Structure formats: C-alpha cells, structure tokens
Amino acid sequence: MDFRSDTVTQPTQAMRQAMANAPVGDDVYGDDPTVNELEAWAAERHGFEAALFTSSGTQANLLGLMAHCERGDEYLCGQQAHNYKYEAGGAAVLGSIQPQPLENNPDGTLDFDKLRAAIKPDDSHFARTKLLSLENTINGKVLPLSYMAEAREFCDHHKLGLHLDGARAYNAAVALNVDIKEIAQYFDSMTVCLSKGLAAPIGSLLMGSKEFIAKARRLRKMVGGGMRQAGILAAAGKLALTDQVNQLEIDHKNAKTLAVKLSQLPGFHVNPDFVQTNLVFAKLDSNIDIHTIAEKLRSDGILISPGNPVRFATHKDISENDINHLVEKLKNHLS
Ligand SMILES: *Cc1c(COP(=O)(O)O)cnc(C)c1O
C-alpha cells in the first residue's frame, strides 16, 4: 500500500493491452499514428488548436514557459508552484527566464493586487513580464472557475499570457463537477499529467495554439525529449483520459474518509472540510516521531512520506480497506 503519491499507480490491464497492440512509427519524423491520434484528440478534447506529448509534466511546463518567454523575460507564479519550486529551476537554468514568485494565499490563489504590483514597467532595469502561470489543483486545493475567469481578465488587461500547470486539472474538474473544457477555456496553454491519478506509466501533454505548439516541439527536441516509437506510451495516455477520469471521484471520496479517520488520531490535525481532492495533509504535534512511524509502517507493507505536515495521496491502487488498515496500524504505532 503506497500512500506517498498518485504517481505510483500501476497501469491498468487495458493500458498494457493497448500498449502491446499500438501501431507505432518514428514520432520525431511525425510518423507515429498513435501519438498523432492522441495529440489531435487531446487538442480537440480540451479546446486547443494543438497538443504535444511529452515525457513528463516537468518537461511540459519547461517547454510551455520557454515557448511563452524569451531569454530575459519573466513569469509570475506562486511560491508553492511546482514549476517554480520543484522543477530544479529549469526555466531559469535552461530558458534564462526569471521567475517572479509571490506568496500563495491559503486557498492556493495569488492576490491580483500583488500580481499587479509585481509587473515590471518597460524600462531597461527590469526583466520583461510576459506570463502568469497558475496551478490547479495546487497542493490538492481547487482554484474556483470565478478565480480563473478573473485571471483571464487580468492577463488580457496587462497583455500577459496565461499558462496552467494542470498536472491534476482533472482532479479539479471532478471536484468542481465540470467538464475539463470549463477549466481549459481560460488559458493560452495548459499541461496535463497522464501518469498521476490517471494511471498511465509515463507522459504528459502540453496544449496551446498551433504556433505555440510548433515552437514547443522544436524546444522538446532541443532538450532531448523527441521520442521515437512513443505510441507505446501514447496508447496508455489516451486510456488515462478516457477510462480513468471516473476513478478520481472515488479517490476524492477515499481522501475524505482518510481525513476524517486521521482527525480522530491523537496529535494529528486535519480538517476534513478542507480536503477537496486526493491529497490529505495532516499537521502533527511535535512529540510525534513520524520518521520512526514511517519505518514501522514500512515493515507492515505500508509506504508513506514522512514530514510535517505529512501528506497522504489516494489513488486507484488504494482501496477503502487499505485506508482502514493504515489507520489501524497508525493507532498501534502511536500508542
Ligand atoms: C507532478 C507535477 C508536475 C510534474 O510532473 P512530472 O511528470 O512528475 O515531471 C508538475 N506540476 C504539478 C502540479 C505536479 O503535481
């Protein structure tokens, strides 16, 4: 039982079948029919002109930022943004793009007054502010549609591009009970991870205009992301978006159940009302040695990421029974 992340999900039997049977070709020549089909289908499905299959969400974000921004440009983002904090500084290192991070509000949003104040005037002292990058979901929290609509207006007013790190955008769509297009409509570009709760083994998508994706395709080759018979992976990626989306609703329900049970443990502080998707964060009293507990759980066959707050992810390979089992074991190790 692996509660560390939704990236640990195993591909489904249907995915393995589709991978075995996928027609493939050299995708760098544009010859892989399964990749071409996924890219065309995904563009249409999310309401963009074009899509690009990438090896990871990190790569999709990097290509997105580099396609929006030139050397010496900057993007506005949250301090907690994955494409600022958790991608090894790729935009700065490889793109010579300056990040301008701002503190996220507790609900994951960025304050528009602070964003406005961070936009640099056209002056040779400053980097050129080009882009706002949002993330939905962010740390398991859902940005509401009204906020995204306001972000669109803000970017139009200030002539900025608007990018969405939508690694878990389907979790947001399921939590908001809307079609993914309702989220996608506000953005110039967006990414989607196929390999998290949606269970594909590898792969993400970057979507945007035809011109934008053509630029990103060249950049993908530059960073070594041009893959050959990638249809083997794209076949599983298509099933992630067609067959696995409904699973997210179960994952969210399981996360709520887990949050309620954790909130009853001594020294664990969780408000189940704040759990919107598949990630549960529990603040721990300082007397709890979560590293030792994680070691004990490991010998019970349960994996968690120790930390404070400690994060648990639910996903298709975690059942309600697994949650009961985890909580029972936690109770034992706490007493
Ligand atoms: C996981 C994640 C990514 C990166 O995806 P990888 O495929 O792990 O590189 C980007 N953004 C967010 C919000 C993520 O959760």
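Residues numbered from 1 in each chain as written. Predicted model: local features only at pLDDT ≥ 70, side-chain atom pairs only at ≥ 80, totals over all residues. Heavy atoms only, no water.

The name an unreviewed UniProt entry assigns to the chain is Low specificity L-threonine aldolase, from the organism Vibrio aquimaris. For the chain, the Subunit (unreviewed entry) comment in UniProt is given as "Homotetramer." (UniProt positions renumbered as here; feature names shortened; annotations may be inferred.)

Our focus in this paragraph is the layout of surface pockets. Considering only enclosed or pocket space, the largest pocket measures out at about 1,100 Å³ in volume. Considering the residues around the largest pocket, the lining is formed by 46 residues, among which I138, N139, G140, K141 and F281 are closest to the centre. At the level of elements, α3 (57–68) and β9 (279–284) are the ones that each hand at least two residues to the lining of the largest pocket. Looking at which domains feed residues into the lining of the largest pocket, each of domain 1 (6–242) and domain 2 (247–334) supplies at least three. Roughly 160 Å³ of volume is contained in the second largest pocket. (1 Å grid on protein atoms, 1.4 Å probe; cavity = no way out; pocket = protein on both sides within 12 Å on 5 of 7 lines; lining within 4 Å. Points joined across faces, edges and corners; volume = space filled by probe spheres on them. Helix = DSSP H or I, 4+ residues; strand = E, 2+ residues; numbered from the N terminus. Domains from an automatic or database assignment.)

For the rest of this paragraph, the subject is the pattern of salt bridges. Side chains carrying opposite charge are able to pair once their charged atoms draw close together. If you walk through the whole model with that rule in mind, you get 16 salt bridges. Among the salt bridges present, the one from D73 reaches K130, with a minimum N-O distance of 3.1 Å. Taken together, the positions of D73 in strand β2 (residues 73–78) and K130 in strand β4 (residues 128–135) put the pair 57 residues apart, joining distant regions of the chain. With a relative accessible area of 1%, D73 lands in the buried category. With a relative accessible area of 32%, K130 lands in the partly exposed category. In this structure, E74 engages K120 in a salt bridge whose closest nitrogen and oxygen atoms are separated by 2.7 Å. With a gap of 46 residues between them, E74 in strand β2 and K120 in the loop between α6 (112–118) and β4 connect regions that are remote in the sequence. (Salt bridge = Lys/Arg side-chain N within 4 Å of Asp/Glu carboxyl O. Buried < 20%, exposed > 50% of the residue type's maximum accessible area, 1.4 Å probe, protein only.)

What follows concerns the environment of S133. Looking at the secondary structure, you find S133 in strand β4. Its relative accessible area of 3% is what places S133 among the buried residues. In sequence terms S133 and P99 are 34 residues apart; their C-alpha atoms lie 9.9 Å from each other. One polar contact links S133 to N83, side chain to side chain, over a distance of 2.9 Å. (Polar contact = N/O pair within 3.5 Å; in protein donor to acceptor, adjacent residues only side chain to side chain.)

Turning to α3, a few remarks are in order. With 12 residues, α3 should cover 16 Å at 1.5 Å per step; its first-to-last C-alpha distance of 16 Å lies within 8% of that length. For α3, the tally of buried residues reaches 10 of 12 residues, placing the bulk of the element in the interior. Regarding α3, the residues found buried are G57, Q59, A60, N61, L62, L63, G64, L65, M66 and A67. For α3, the N-terminal capping position is held by S56, with its side-chain oxygen 3.5 Å away from the main-chain nitrogen of T58. (Expected span 1.5 Å × (residues − 1).)

Take unusual backbone geometry next. Residue T137 follows N136 across a cis peptide bond; omega there is 0 degrees. With respect to the helices and strands, the residue T137 is situated in the loop between β4 and α7 (145–157). A cis amide bond links N308 with the next residue in sequence, P309, at an omega value of 5 degrees. Locating P309 in the fold gives a position in the loop between α13 (290–299) and β10 (310–313). Phi angles above zero are rare outside glycine, and K159 is one such case at about 55 degrees. Turning to its location among the elements, K159 is positioned in the loop between α7 and β5 (161–165). The backbone phi angle of N177 is positive, close to 60 degrees, even though this residue is not glycine. Within the secondary structure layout, N177 lies in the loop between α8 (169–176) and α9 (180–184).

Every residue close to the ligand is listed here: S56, G57, T58, N61, H82, E87, E135, D165, A167, R168, C193 and K196. Taking D165, its side chain carries an N or O atom lying 2.6 Å from a nitrogen atom of the ligand. For the ligand, an oxygen atom lies 2.5 Å from a polar atom in the side chain of K196. In the complex, 83% of the free accessible area of the ligand, which totals 380 Å², lies under the protein chains. According to the grid-proximity analysis, the pocket containing the ligand is the largest pocket. Examining the composition of the shell around the ligand, we find that 3 residues originate from one element, α3, more than from any other. (Near = heavy atom within 4 Å. Areas by Shrake-Rupley, 256 points an atom, 1.4 Å probe, with all protein chains shown as cover. Sits in = over half its atoms within 2 Å of the grid points.)

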